[in-house]
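Each chain, letter by letter, is given below.
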Amino acid sequence: MRSAVRTDVRRICLLIVTTLSAVSAVLTYPLNDGGEIPAIALGTSLGHTADGRRILSVNHSLARAVQWALEVGYKHIDTAAIYQAEEEVGLGIQNYLRDNNASRDDVYVTTKLWNTDHEVDAVVPALRKSLADLRLDYIDLYLMHYPMAYTKNGSISDTDYLETWRGIETTKDTKLARSIGVSNFNITQMKRLWDHSRIKPAVLQIEVNPTITQSELIEWCQENGVVVMAYSPFGGILGRSDDAPEPRADHPVLVGLSEKYHKTVPQILLRYLLDRKLVPIPRSTNKDRIIQNLNILDFSLTPEEVETLSSFNSNYRVRDRKKWYLHPHYPYEKKNVTEEDIKKAFIISNE
């Protein structure tokens, strides 16, 4: 009897995984360069400690998470040079390809150029280093991580992001990258880049959730065929930031939607982004949560519900990068901070 039950459970699990894989395989958005991008990505930044130190993978936990994600149906993995995770991501991808007899074309990988490699001649070598760490011959999407250039010693560089973009264009010309784009650009920077680029950016990656809706910027992108990827999809809603505004996870609106659709609050927040035609980037190394974050394709919010969630907008950013306030291409709103605040943020982030 117990053997029969175990067999049934295995069949159900296989059915769930197969269904997730089949649905996620067809959920893509067209890019303005003729390609396609999978609509849900696994994020691989492990975040920071309270004092600003980057968290690194231990005992290949991130590699396992990448492999799990691909095995349950994710097609898109998002990473970056600054995450110090590309080797782990590459290991997870290679393990997936080996163990599942899969093809490189089954996996879509995004990585990003860091601020200290913005000189035009530094871009291609930086991507080649990322590809070596990822154990890949090409990248599906290469993004300029920020519009701000810095020297290796941490001082502000006068390299303009338009010059950096010429290097990014070269990565596509040489087929090292199939698509190219940017991250953390504001609308003024996007328009300037658009007007002065030979190859138009296909993607913009920015922070988006109900407390920072970015409506004007997203509208401009969608009018111009630029797909928007949304990082920090939960913002401070799940209670990770003490200063975060409403809503929190127990807000009546979120609880009501959760009960209506028989989904968790994180699933509601991810679906909100999909219903705005964005690419959410949830991050987790927990296998159950990885599966849960993908299981958002069997329902949709109404336009009115999307609007209600958007009404929580307060332009709240999880991380406002105070240490970069003095850079002329700083892309965010500048709040009232002292020089001491900036100095302290810089010291913590570079320890």
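The structure this text deals with has already been given above.
A short tour of the structure in this document, coming up. Remember, predicted model here, so these are calculated numbers, not experimental data.

About the cut-offs
Residues numbered from 1 in each chain as written. Predicted model: local features only at pLDDT ≥ 70, side-chain atom pairs only at ≥ 80, totals over all residues. Heavy atoms only, no water. Helix = DSSP H or I, 4+ residues; strand = E, 2+ residues; numbered from the N terminus. Contact = heavy atoms within 4.5 Å. Areas by Shrake-Rupley, 256 points an atom, 1.4 Å probe, with all protein chains shown as cover. Buried < 20%, exposed > 50% of the residue type's maximum accessible area, 1.4 Å probe, protein only. Pairing = 2+ DSSP bridges. Salt bridge = Lys/Arg side-chain N within 4 Å of Asp/Glu carboxyl O. Phe/Tyr/Trp six-rings, centres within 6.5 Å; stacked < 30°, edge-to-face > 60°. Lys NZ or Arg CZ within 6 Å of the ring centre and 35° of its normal. Right-handed = clockwise from strand over helix to strand, strands pointing away. Core = buried A, V, L, I, M, F, W, Y, C linked by side-chain atoms within 4.5 Å. Arc of directions from axis to C-beta.

## Thoughts on the overall build of the protein
- Scanning the protein from N- to C-terminus turns up 12 helices and 10 strands.
- Across the protein, the fraction of contacts at a sequence separation of at least 24, relative to all contacts at a separation of at least 6, is 73%.
- When the accessible surface of the protein is totalled, it reaches about 16500 Å², and 51% of it is carbon and sulfur.

## Notes on the side chain of H76
- Along the polypeptide, H76 turns up in strand β4 (residues 76–78).
- By relative accessible area, which is 0% here, H76 ends up buried.
- H76 has contacts with I37, P38, I40, A41, L42, Y108, T110, M229 and V279, leaving out every residue within four places of it along the chain.

## Some details on the sheet that holds strand β6 (residues 139–144)
- Spatially, β3-β4-β5-β6-β7-β8-β9-β10 is the arrangement adopted by the 8 strands of the open sheet, whose pairing is parallel. Two strands close off the open sheet at either side, each with one partner strand: β3 (41–43) and β10 (279–280).
- Examined bridge by bridge, strand β7 (residues 177–183) and strand β8 (residues 203–207) share 3 bridges and lie parallel to one another. By the bridge assignment, G181 is partnered in β8 with V203.

## A word on the pattern of salt bridges
- The tally for this structure, following the rule as stated, stands at 14 salt bridges.
- A salt bridge links K172 to D33; the nearest nitrogen and oxygen atoms lie 3.8 Å apart. Of this pair, K172 sits in helix α5 (residues 161–173) while D33 sits in the loop between β1 (28–30) and β2 (36–38), and the two are 139 residues apart along the sequence.
- Assessed through its relative accessible area of 22%, K172 is described here as partly exposed.

## A closer look at the packing of aromatic side chains
- Applying the stated criterion across every chain, the model contains 9 aromatic pairs.
- With a centroid separation of 5.9 Å and 85° between ring planes, the pair formed by W114 and Y146 is classed as edge-to-face. One end of the pair, W114, is in the loop between β5 (108–113) and α4 (120–134); the other, Y146, is in the loop between β6 and α5, with 32 residues separating them in the sequence.
- Using a relative accessible area of 2% as the deciding quantity, one classes Y146 as buried.
- The structure contains a cluster of three or more aromatic residues connected by ring pairs, namely W114, Y146, Y150 and W324.
- The cationic tip of R192 hangs over the ring face of Y161; the distance from NZ or CZ to the ring centre is 5.0 Å.

## Topic: the side chain of T164
- Of note, T164 is situated in helix α5.
- Residue T164 is classed as buried on the basis of its relative accessible area of 0%.

## Quick word on the pairing of β6
- Among the 6 residues in β6, 6 count as buried, and that is most of the element.
- Direction of pairing for β5 relative to β6: parallel, over a ladder of 4 bridges. Across the sheet, the residue bridging to K112 is L143, located in β6.
- In terms of handedness, the path from β5 via α4 over to β6 forms a crossover that is right-handed.
- Of the strand pairs in this sheet, β6 and β7 are connected by 5 bridges, and their pairing is parallel. Each bridged residue has a counterpart across the sheet, and for Y142 the counterpart in β7 is I180.
- Where the polypeptide runs from β6 across α5 and back to β7, its parallel neighbour, the crossover connection is right-handed.

## So, the nonpolar core
- Ranked by internal contacts, the top residues of the largest apolar core, which has 98 residues, are I37, I139, Y142, M190, V203 and L204.
- The biggest single contributor to this core is helix α9 (residues 265–274), with 7 residues.
- When residues no more than four places from it in sequence are discounted, the contact partners of Y142 are T111, K112, L113, V123, A126, L127, I168, T171, A177, S179, I180 and G181.

## Quick notes on helix α11 (residues 303–310)
- Within α11, the full set of buried residues consists of E305, V306 and L309. The buried residues of α11 occupy one face: seen down the axis, they fall within an arc of 100°. In α11, those exposed residues whose orientation departs by more than 90 degrees from the buried face are P303, E304 and E307.
- In this fold, the buried residues of α11 make contact with α8 (252–261) and α9.

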